[in-house]
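Each chain, letter by letter, is given below.
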Amino acid sequence: MTTPRLPPHPAQRADPTRPLTFTFAGRPVPAFTGDTVGSALHAAGVRILSRSFKYHRPRGLLCCAGRCPNCLVNVDGVPNVRACTEPVRDGMRVRSQHAWPSVERDVFAVFDRFHRLLPVGFYYKTFIHPRRLWPTYEAVLRRLAGLGELAGFDEPPGDYEREHAFADIAVVGGGAAGMAAALEAARAGGGVVLIEAEPVLGGALRLRTRPLADGARGRAGWEVAAELAAEVAAEPRIRVLSGATAFGLYEDNLLGILDDRRFVKLRARQVVVATGGVEHPLVFENNDLPGVMLGSGAQRLMALYGVRPGTGAVVAAGDDRGLEVALDLAAGGVSLAAVLDVRVQTPESPVAAALRTAGLRILNGRTVLAALGRGGRVRAAVVGGAGRDAGASELACDLVCVTTGFEPAAGLLGQAGSRLGPDAATGRLVPTTLAPGVLAAGEVAGVAGLAAVLASGRLAGAQAALALAGGRLAARVAELTEALALAARPPAPRATLASAPRAGAKKFVCLCEDVTETDLRRAVAEGFDHIETLKRYTTATMGPCQGKMCHRPTIDLCAALTGRTVGETGTMTARPPAVPVPLGALAARLHEPVRYTPMHGQHVALGATAMDMGAWKRPLVYSSVEEECRAVHEAVGLIDVSTLGKLEVAGRDAAAFLDWLHPNRFSDLKPGRVRYRILCDDAGIILDDGTVARLGDERFLVTTTTGGVEAIEQWFTWWLAGTGRCAHVVNVTGALGAVNVAGPRARELLAPLTDVDLAPAAFPYLGAREGRVAGVPGLWLRIGFVGELGYEIHFPADYGPYLWDALLEAGRPLGIRPFGVEAQRVLRLEKQHLIVTQDTDALTNPFDADLEWIVKLDKADFVGRDALRGARARGSRQRLVGFTLAGDGPLPGEGAAVVTDGRPIGRVTSAKWSPHLGRVIGMAWLPAELARDGASFDVRVDGTTRPATVVTRPFYDPAGARLRM
Amino acid sequence: MSFLLPCPQCGPRDVYEFRWGGPRSQRPAPDSPRETWVAYLYLRDNPAGRFQEWWYHRMGCRRWFLAVRDTRTNEVAHTFWPPRPSDPTEPSEGAPAESAEP
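Here is what the cut-offs are and how they apply
Each chain carries its own residue numbering, running from 1 in the direction its sequence is written. By the order in which they are written, chains take letters starting at A while ligands take numbers starting at 1. Thresholds applied to this predicted model are a pLDDT of at least 70 for local features of residues and 80 or more for the giving and counting of side-chain atom pairs; totals over whole chains, interfaces and linings are not thresholded and use all residues. Where helices and strands are cited, they refer to DSSP runs of H or I of at least four residues and of E of at least two residues respectively, numbered from the N terminus. Here the C-beta atoms are placed from the backbone, and a residue counts as buried if at least 20 other C-beta atoms lie within 10 Å of its own, exposed if 12 or fewer do, and partly exposed otherwise. Two residues form a contact once the distance between their C-beta atoms, set from the backbone, is within 7 Å. Residues were grouped as follows: Ala, Val, Leu, Ile, Met, Phe, Trp, Tyr, Cys and Pro as nonpolar; Asp, Glu, Lys and Arg as charged; and all remaining residues, including Gly, as polar. Note on definitions: angles span 0 to 180 degrees between N-to-C directions of axes, and those axes are lines fitted to C-alpha atoms, for helices only across the stretch in contact. Here the word oblique covers every angle except those under 35 degrees (roughly parallel), over 145 (roughly antiparallel) and from 65 to 115 (roughly perpendicular). Throughout, a crossing is termed right-handed when the near helix is turned clockwise from the far one, and left-handed when it is turned anticlockwise from it by less than a right angle. When DSSP finds at least two bridges between two strands, those strands are taken to pair.

Novice: Sorry if this is basic, but what is going on with the overall build of chain A here?
Specialist: Regarding its fold elements, chain A presents 24 helices and 47 strands. If one aligns the C-alpha atoms of chain A with their principal axes, the spans along those axes are about 115 × 70 × 55 Å. The 965 residues of chain A split such that 51% are buried. Put simply, 66% of the contacts in chain A that link residues at least 6 apart link residues at least 24 apart.

What follows is the structure, given as structure tokens:
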């Protein structure tokens, strides 16, 4: 049943001239551009938007401001979207969640009848025995309780952006106080970022459509808001983030902000929190029925969307705010069944006078005792004297507006370390302390009335600017302090309401988690009488609203039940996030730039398959692994090894420093020689491997594993820090490109291109030389990278493409082939070269890894010495050995189990098909007693076991003759 | 964790620019008993209060320095370069290694 909208108002967001259509539960719903899903559904007569967490009770619009949990829906597959703040888009698909078959008729609502079986804590007490049934319980509970479901992990979640922003002064909240603070701070010369959760600045002022009594010179609230917003827009030193929610205020004034699909981390020198207040519900029977609405929610529907919240209303007011709601409803054509003022007498005020003029009678000392429903919506309200059942009467209505509780929205202040305490005059929980660099302005600071709120905002803005600039602003701060004192007026005290205990329907304190007044009463009786334990036991305040609706009611009830004051009861700890934040936003992409080697373009042109290796892209395969391996074994191959980490270590103490860091020795390495290195920590665990080439007495080039160079550079410099050693470490990884030219014809290829004497006697295995190749200056290391005669040539990175092409061109008559990482791995496995972190783990020492030859325990102290001495003395329990596998079925995966007699005794770390050997080869961890040639064991592959045989020496060229050709 | 850390070289920076390097501790002398090594390698005091720790300015000057930080509040009292052996004494502002709150 669609109701006609109110005549358009200048502050209205919904634009009747731009209609659109979306669907709810598959049915088309008309809407206007500027509507929210909630406003459009309400206008279309939809009252039930969701089902509650535990009892599956119908729920509808309550706050209309994105604060309560009542309107969570699924929008285009995204769960838990708040209908009341989600702008409608043409064609969007909205459906309810957590209800079956529909939100109107949800069969699980039967739980509401069995509430006696489901008291608070039932979950902990019931489903713990017997323990083995927990998986079954869990599956059922997950289905019945909880919130929306993700559509599935196949759909891309979409990317969030991340922004690091900075400001002199950040102002959170774009209402009257926030805008005043931002303007004052900016005019004092500060760079300001103003963060407002709604798409438009103005805050609660925009809802006030009649002339304000105070500080507005006869204008309406929305007019004042519009004027301030225009001033803000004209101020170049203010950056406005609208539609952006500040969800966290962390150490040293870091604000976490969700701005649509952007996660903004804003660091500010001063933060002004001007988040205003939050209206919270009144606790009475059936206070969760659709049709029970906060007064501010009803005002929002009317002022922003032109939607009439109901046709006949009962209004419960705690102060003049509530009377204003009654006037607005009357002006919007809602007939008022009763206007209840819980105060015994309504003080004289323009609002009270206006109500009288409109012929509306105020019933003093009355409140709503219960809402009565039919078909999941309000049909009547029971009203009566607060605290007494007598004299209760039933009034027909379809809307119950409550405006009885209003608290500072102090969540961010609390996160930053502010304490809250009850204000002596009003009883509201206001900040009593502020963290350094954090200021509070406006209603969140307990200030009431437009004039005072504006003065409070200006003062905070000036104070923030004063803290940064100092000096001349002191006079301005003094002036504004006086202005605030003048504007301040005695705020209306908080309405105190104790609704009468009646045997009957549920009274909800926490809507998110379906916690009733009875639940809290029971929990306190069970001994959970501290506010923090009460919270944890009942889960009140722990749902999606994060206490916005129930923080104060829970404290009040706890105080009443324990006979303590609100001050003694205390508040719950405020923690980020203040509003739900999608995990995707927090995981917004990190700045991890991809790295390409200098020859990347060549690899692409050759059709190589790329693979990720750390941040690098490397060619995996060009043509076929078999052909690439054969070229290396029989002719010559060329591989890009630019991604190797390269550190230059130089200085008088460089040799001694390398001796200190490594288990093996480098001080006796002669210039022009290169040596394999492994690196251990002080626990004797292998961290890294590579080579050390001595280029001169005081100059070394150290190569590291591809992914490890950053960590190894840090490791080196950490051991250098504060030692006074004369050694320097420079990371030259990006500056140098590198290739390895390997194969029996490598010398034949390179000899014509270089001035380096490649004769075996002049440049033997493990030699290092400097000299040109194809005109490019290079550093040559003759190492056994892939088990054949080979030269690793490092050169200035810029020459990469030229040199690559030149080598391939020159090698064509020799049958050269570029080879990729896959062939490299096969070839290195044929030589049983281990890969650190693949074949080794966080417990591997060099003895276990069959590298005892590298550990020189006769050296003076070095990193890992004592641990390695102990390891040698204890011996190895497990050893890393090579193996061959019978048959040519599927390869064992990394971590495949090694078994004997069906018992796991080890695991496979690498396995490849070697085309040259015609069999599967690999590396495995075995018990030390099995680590001998010819020992046999089984490997589990795809559910079957296959026999394997230990081979302790390289599968290919075990004597290393081919390296020395 | 979002605090600012004053790098002695680069000034106050977001903690995410740095890598934590562990508590400042004294490496045992060679041939120390195994228990001493185990304590050095694996046991941490995890004090609630001020203590000295290593930081590396990964995204800045790429240097190691020391900081005195209160683990309860993440307040950084001061930062300084590691003293060299030739330095006559510890810098006067340097609290003793791994000191708890006074």
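Novice: Can you help me understand the interface of chain A and chain B in this one?
Specialist: Many structure descriptions define interface size as the accessible area lost when the parts assemble. Contacts between chain A and chain B engage 19 residues on the former and 21 residues on the latter. Residue composition of the side of chain A that touches chain B, grouped by class: six nonpolar, six polar and seven charged.

Novice: For this particular structure, what's the right way to read the packing of helix α18 (residues 625-634) of chain A against helix α23 (residues 821-830) of chain A?
Specialist: Pairs of packed helices are described in terms of their axes, by the angle between the two and the distance that separates them. Residues and elements named next belong to chain A. Axis separation between α18 and α23 bottoms out at 9 Å; the angle between their running directions is 55 degrees. Considering the angle they form, α18 stands oblique to α23. Between α18 and α23 lies a crossing whose hand is right-handed. Contacts between α18 and α23 pair V625, E628, C629 and V632 from the former with E822, A823, V826 and L827 from the latter.

Novice: Teacher, can you tell me more about the pairing of strand β1 (residues 4-7) of chain B here?
Specialist: Consecutive side chains of a regular strand alternate in pointing toward one face of the sheet and then the other. All names here are of chain B. Of the two faces of β1, only one is covered, namely that formed by L5 and C7; the face formed by L4 and P6 stays uncovered. By the bridge criterion, four bridges tie β1 to strand β2 (residues 11-14) in an arrangement that is antiparallel. Among the inter-strand pairings, L4 is bridged to a residue of β2, identified as D14. In textbook terms, the turn of a hairpin is the stretch between consecutive antiparallel strands, and for β1 and β2 this stretch comprises three residues.

Novice: When you look at the sheet that holds strand β37 (residues 736-742) of chain A in this model, what are you seeing that I'm missing?
Specialist: Strand pairing in a sheet relies on backbone hydrogen bonds, with the paired strands running either antiparallel or parallel. A sheet is described by the order of its strands in space; here six strands give the open sequence β38-β39-β40-β37-β31-β41 (chain A), paired in mixed fashion. At either end of the open sheet lies a strand with only one pairing partner, and these are β38 (768-773) and β41 (817-818) of chain A.

Novice: Before we go on, may I ask you to explain unusual backbone geometry in this structure?
Specialist: As a rule of thumb, non-glycine residues mostly have phi less than zero, and peptide bonds are mostly trans rather than cis. All names here are of chain A. The linkage connecting P576 with the following residue, P577, adopts the cis geometry, with an omega of -5 degrees. Assignment of secondary structure puts P577 in the loop between α15 (566-569) and α16 (583-586). Residues other than glycine seldom take positive phi values, yet N80 does so here, at roughly 60 degrees. Of note, N80 is situated in strand β6 (residues 78-82). Accessibility expressed as a C-beta count within 10 Å gives 19 for N80, which makes it partly exposed.

Novice: What exactly am I supposed to notice about the sheet that holds strand β20 (residues 377-385) of chain A here?
Specialist: All names here are of chain A. If you trace the three strands from one edge of the open sheet to the other, you get β19-β20-β21, paired in antiparallel fashion. Only two strands of the sheet have a single neighbouring strand rather than two, namely β19 (366-374) and β21 (393-396). Within the sheet, the average angular offset between the axes of one strand and its neighbour, ignoring direction, is 30 degrees. In the sheet, β20 pairs with β21 via four bridges, with the strands oriented antiparallel. Note on β21: the bridge partner recorded for V383 is S393.

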